[in-house]
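# Per-entry structural report
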Amino acid sequence: MSFCQVNWYDYPQYYDLAFRSETPAEVRFIEAACGKYCPFAVRRMLEPGCGSGRLIVALAGRGYEMVGFDCNGRSLDYLRRRLARRKLRADVLRADMPDFRIARPVDAAFNTWNTFRHLTTENAARQHLHCVAQSLRPGGIYILGFHLLPLDVSEECME
């Protein structure tokens, strides 16, 4: 019997299904953090490594101007279809976390589901943080989530 390895990021509908119950709490947290730490009203936000775009869609639905990027084309296609079905708009780009540019600054950026861990070198992490800093307007914030894993977890563990 042979098994093939599947990249679950190629099936964004299942990713959304697995984490959809988290979305309302994450949206509330993002809005609360922006309200507390930004010295201005937040209107435009960025999600690096947005994947299926569940947070992009939820926040666009609440009236925010959203920008998101990912390196997975299937996830981005899925996100574009979801936005179109809901008659929502967002700037959706294909880019890598350590090397991206956006056209206009954002008020806040967020990465709540540990996507930062895909930056596997110190240099890639620094480059990513530099790109985010270049993307934020003065006084903007970057909400960065880290999930702690047990010491015995496999390095190949996806989530």
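Here's what I pulled together on the structure shown here. Quick caveat, the model's predicted, so the values are computed rather than measured. (Residues numbered from 1 in each chain as written. Predicted model: local features only at pLDDT ≥ 70, side-chain atom pairs only at ≥ 80, totals over all residues. Heavy atoms only, no water.)

## Remarks on the sheet that holds strand β5 (residues 136-144)
- Within the open sheet, the five strands sit side by side as β3-β2-β1-β4-β5. Their pairing is parallel. The open sheet terminates on both sides in strands that have one partner only, identified here as β3 (90-94) and β5. For this sheet, the mean inter-axis angle between neighbouring strands, taken without regard to orientation, is 20 degrees.
- Across five bridges, strand β1 (residues 44-48) lies against strand β2 (residues 65-70) in parallel orientation. Across the sheet, the residue bridging to Glu47 is Gly68, located in β2.
- The sheet contacts of helix α4 (residues 73-85) involve β2 and β3, and relative to β3 the element is tilted by about 165 degrees.
- Against the sheet, helix α5 (residues 122-135) touches β1, β4 (106-111) and β5, its axis set at about 135 degrees to β5. (Pairing = 2+ DSSP bridges. Helix = DSSP H or I, 4+ residues; strand = E, 2+ residues; numbered from the N terminus. Axes fitted to C-alpha atoms, helices over the stretch in contact; angles between N-to-C directions. Contact = heavy atoms within 4.5 Å.)

## Regarding helix α3 (residues 54-61)
- The buried count for α3 comes to six of eight residues, which makes it a mostly enclosed element.
- Just past α3, the residue Gly63 takes up positive phi, approximately 100 degrees. (Buried < 20%, exposed > 50% of the residue type's maximum accessible area, 1.4 Å probe, protein only.)

## Some thoughts on the packing of aromatic side chains
- With the rule as written, the count across this model stands at one aromatic pair.
- With 4.4 Å between their ring centres and 35 degrees between their planes, Phe69 and Phe100 make a pair best called tilted. One end of the pair, Phe69, is in strand β2; the other, Phe100, is in the loop between β3 and β4, and 31 residues separate them in sequence. When sorted by exposure, Phe69 lands in the same class as Phe100, which is buried.
- When the ring centre of Phe40 is taken as reference, the NZ or CZ atom of Arg137 above it lies at 3.6 Å. (Phe/Tyr/Trp six-rings, centres within 6.5 Å; stacked < 30°, edge-to-face > 60°. Lys NZ or Arg CZ within 6 Å of the ring centre and 35° of its normal.)

## Regarding the nonpolar core
- Membership of the largest hydrophobic core comes to 25 residues, with the highest contact counts inside it found for Ile30, Cys34, Val42, Met45, Leu59, Met66 and Phe110.
- When residues of this core are traced back to their parent elements, those giving at least two are α2 (23-37), α3, α4, β3, β4 and β5.
- Counting residues per element, this core draws most heavily on α3, which supplies five residues.
- If we skip the residues at most four places from it in the chain, Leu59 touches Val27, Ile30, Glu31, Met45, Tyr64, Met66 and Phe110. (Core = buried A, V, L, I, M, F, W, Y, C linked by side-chain atoms within 4.5 Å.)

## Points about the packing of α2 against α3
- Look at α2 against α3: their axes get within 10 Å of each other, and the N-to-C directions meet at 60 degrees. Relative to α3, the crossing made by α2 is right-handed. Across the interface between the two elements, Thr23, Glu26, Val27, Ile30 and Glu31 of α2 pack against Arg54, Leu55, Ala58 and Leu59 of α3.
- Tallied by class, residues from the contact of α2 with α3 come to five nonpolar, one polar and three charged. (Left-handed = near helix turned anticlockwise from the far one by under 90°. Nonpolar A, V, L, I, M, F, W, Y, C, P; charged D, E, K, R; others polar.)

## Notes on the packing of α3 against α4
- As a packed pair, α3 and α4 sit with axes 10 Å apart at the nearest point and diverge in direction by 20 degrees. As summarised for this structure, α3 and α4 are arranged roughly parallel, according to the angle between their axes. Seen from above, α3 lies across α4 with right-handed handedness. Contacts between α3 and α4 involve Arg54, Ile56 and Val57 from the former and Leu79, Arg82 and Leu83 from the latter.
- Residues belonging to the contact of α3 with α4 are distributed by class as follows: four nonpolar, no polar and two charged. (Parallel < 35°, antiparallel > 145°, perpendicular 65-115°, else oblique.)

## Considering the environment of Pro24
- In this fold, Pro24 is placed in helix α2.
- Once the C-alpha coordinates of Pro24 and Leu59 are considered, the two residues, 35 residues apart in sequence, prove to be 9.8 Å apart.

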